[in-house]
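One letter stands for each residue in the lines below.
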Amino acid sequence: MSIHENLLGGPPPTHLPDDPEPRELLASGASAADVAGRYPTSSLAWARLADEAFERDSVVESYAYARTGYHRGLDALRRSGWKGHGPVPWEHEPNRGFLRALHALARAAQAIGEQEEYERCTQFLKDSSPTAAQVLG
């Protein structure tokens, strides 16, 4: 038996390919808007835009940014073999943009009273990565 064998019988974890440029630009202080414009497939840039908008009390804007990052992440997950369920580990840093966007979408949905979307996204985050759900709150 392999040490990495999934004994629960579920799908294997999905690990998105690394895309360090947007992450490095954001870490160096580049604006999230500039990074999203330069790397529009970066869920991390869209999640950062969603966070910034939420902090300004621009909840609808945050929702739109988060939804964009979420959908960009779903596209990347599918390209990486994800079939609509299974672990998306927080521990794999390239997954964090998608998980942050999913969290931001749940937060904004709750803020605008979209309870079903909030519950769906919150559960999706927990199912994808219990660690992300804990870290992101």
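Thresholds, definitions, all that
- Residues numbered from 1 in each chain as written.
- Predicted model: local features only at pLDDT ≥ 70, side-chain atom pairs only at ≥ 80, totals over all residues.
- Heavy atoms only, no water.
- Helix = DSSP H or I, 4+ residues; strand = E, 2+ residues; numbered from the N terminus.
- Contact = heavy atoms within 4.5 Å.
- Phe/Tyr/Trp six-rings, centres within 6.5 Å; stacked < 30°, edge-to-face > 60°.
- Buried < 20%, exposed > 50% of the residue type's maximum accessible area, 1.4 Å probe, protein only.
- Lys NZ or Arg CZ within 6 Å of the ring centre and 35° of its normal.

Where an unreviewed UniProt entry is consulted, the protein chain appears under the name DUF3151 family protein, with the organism given as Streptomyces tendae.

S.K.: For the side chain of Ser 129, give the residues involved together with the corresponding values.
M.R.: In this fold, Ser 129 is placed in the loop between α6 (115-128) and α7 (130-136). Residue contacts for Ser 129: discarding those within four places in its chain leaves Val 88, Pro 89, Trp 90 and Leu 99.

S.K.: So what's going on with the packing of aromatic side chains? Residues and values would help.
M.R.: Enumeration according to the criterion identifies five aromatic pairs in this entry. Aromatic pair Trp 46 and Tyr 65: ring centres 6.0 Å apart, planes at 35°, arrangement tilted. Taken as a pair, Trp 46 in helix α3 (residues 43-55) and Tyr 65 in helix α4 (residues 59-79) lie far apart in primary sequence, 19 residues in all. Trp 46 gets classed as buried once you look at its relative accessible area, which sits at 16%. On the basis of relative accessible area, Tyr 65 is assigned to the partly exposed category, the value being 22%. A centroid spacing of 6.0 Å and a plane angle of 25° characterise the contact between Tyr 70 and Phe 98, whose relative ring orientation is stacked. Remark: Phe 98 occurs in helix α5 (residues 96-111) and Tyr 70 occurs in helix α4; sequence separation between them is 28 residues. No difference in accessibility class separates Tyr 70 from Phe 98, as the two residues are buried. Linked through ring pairs, Tyr 70, Trp 82, Phe 98 and Phe 124 together constitute an aromatic cluster. The aromatic ring of Phe 54 is capped on one face by Arg 107, whose charged end is 4.3 Å from the ring centroid.

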